[in-house]
Amino acid sequence: MGILQNFFSLDRYTILARVVIILLILPLHEFAHGWVAKKCGDDTAEMSGRLTLNPISHMDAFGSILLLLTGFGWAKPVPINPSRMKNYRTGVIWTSLAGPLSNLLAAFVGVVLFQIIIPVANVNSGVLLNGIALFLSGFISINISLAIFNLIPIPPLDGSKVLMMLLPYRQSMWLQQHQQILSIILWVLIIVGVLSIPLTILSNWIVKFFFWATLWIQTLVEMIL
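Residues numbered from 1 in each chain as written. Predicted model: local features only at pLDDT ≥ 70, side-chain atom pairs only at ≥ 80, totals over all residues. Heavy atoms only, no water.

Draft legend 1. Representation of the nonpolar core. Within the largest apolar cluster, 50 residues are counted, with the highest numbers of intra-cluster contacts made by Ile21, Phe135, Phe139, Phe149 and Ile152. Contact partners of Ile152, with chain neighbours within four places excluded, come to Leu157, Gly159, Ser160, Leu195 and Leu199. (Core = buried A, V, L, I, M, F, W, Y, C linked by side-chain atoms within 4.5 Å. Buried < 20%, exposed > 50% of the residue type's maximum accessible area, 1.4 Å probe, protein only. Contact = heavy atoms within 4.5 Å.)

The structure is reproduced here in structure tokens:
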């Protein structure tokens, strides 16, 4: 009941941001994995009909509902066959990083739009502009959170695949052989809430950096207005 109560207490702009994430950004995340894999020589995602931005092709029912209710969720992973890549190690690394990087890129675009909207809203205050700003805040926050979470080096997250390629053979094999146990540990950490504080700190750092790097846009818009 707590999750539902929290959901119904949200403003409509935050809910809209989560819907956009489900319909646009989660598919973009998986598309990025498949696209980079193809560039590395593996067309498995394309042959499976997953090299598309169509949300229906990527949607995971439970992951989508969870994201809508909590701001945390996932899509169906695209199929990848590393053995078909030109360079196994670098191919897996870049393919794994592609998803989180797409989230960071989406967040950065959101920050740029936010920097444009804020000075306009200050001059022409209105419900629409304030609503757009609230929507972008949620959009930015969720994208950065998803990127950081997926980079955690615990299976089955993207960060674990990067770690496997960077570790010596014996340690990499140990990670592969214990993926199920490590996945259970990950869920325990999520449920207990151990990860929330470090993830929040990292998210705030990235948000501050993005806003610092794009502050000139707001200044430029203010000068034009």
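Draft legend 2. Up close: the side chain of Asn103. You can see Asn103 is positioned in helix 6 (residues 88–123). Residue classification places Asn103 among the buried residues on the basis of a relative accessible area of 0%. A polar atom in the side chain of Asn103 sits 2.7 Å from the side chain of His29. (Helix = DSSP H or I, 4+ residues; strand = E, 2+ residues; numbered from the N terminus. Polar contact = N/O pair within 3.5 Å; in protein donor to acceptor, adjacent residues only side chain to side chain.)

Draft legend 3. Spatial organisation of a nonpolar patch on the surface. On the surface, Leu16, Val19, Leu23, Leu24 and Met59 cluster together into a nonpolar patch covering about 400 Å² of accessible area. Locating Met59 in the fold gives a position in the loop between helix 4 (55–58) and helix 5 (61–70). Look at Met59 and you get partly exposed, because its relative accessible area is 35%. (Patch = residues over 30% accessible without salt bridge, like charges linked within 9 Å, V, L, I, M, F, W, Y side chains within 5 Å. Areas by Shrake-Rupley, 256 points an atom, 1.4 Å probe, with all protein chains shown as cover. Salt bridge = Lys/Arg side-chain N within 4 Å of Asp/Glu carboxyl O.)

Draft legend 4. Molecular detail of helix 6. Counted at 1.5 Å a residue, the expected span for helix 6 with its 36 residues is 52 Å, and the 54 Å between its end C-alpha atoms agrees. Its maximal kink placed at Ala98, helix 6 deviates by approximately 35°, while the proline Pro100 follows within four residues. (Expected span 1.5 Å × (residues − 1). Bend = angle between axes of the 7 residues up to and from the residue.)

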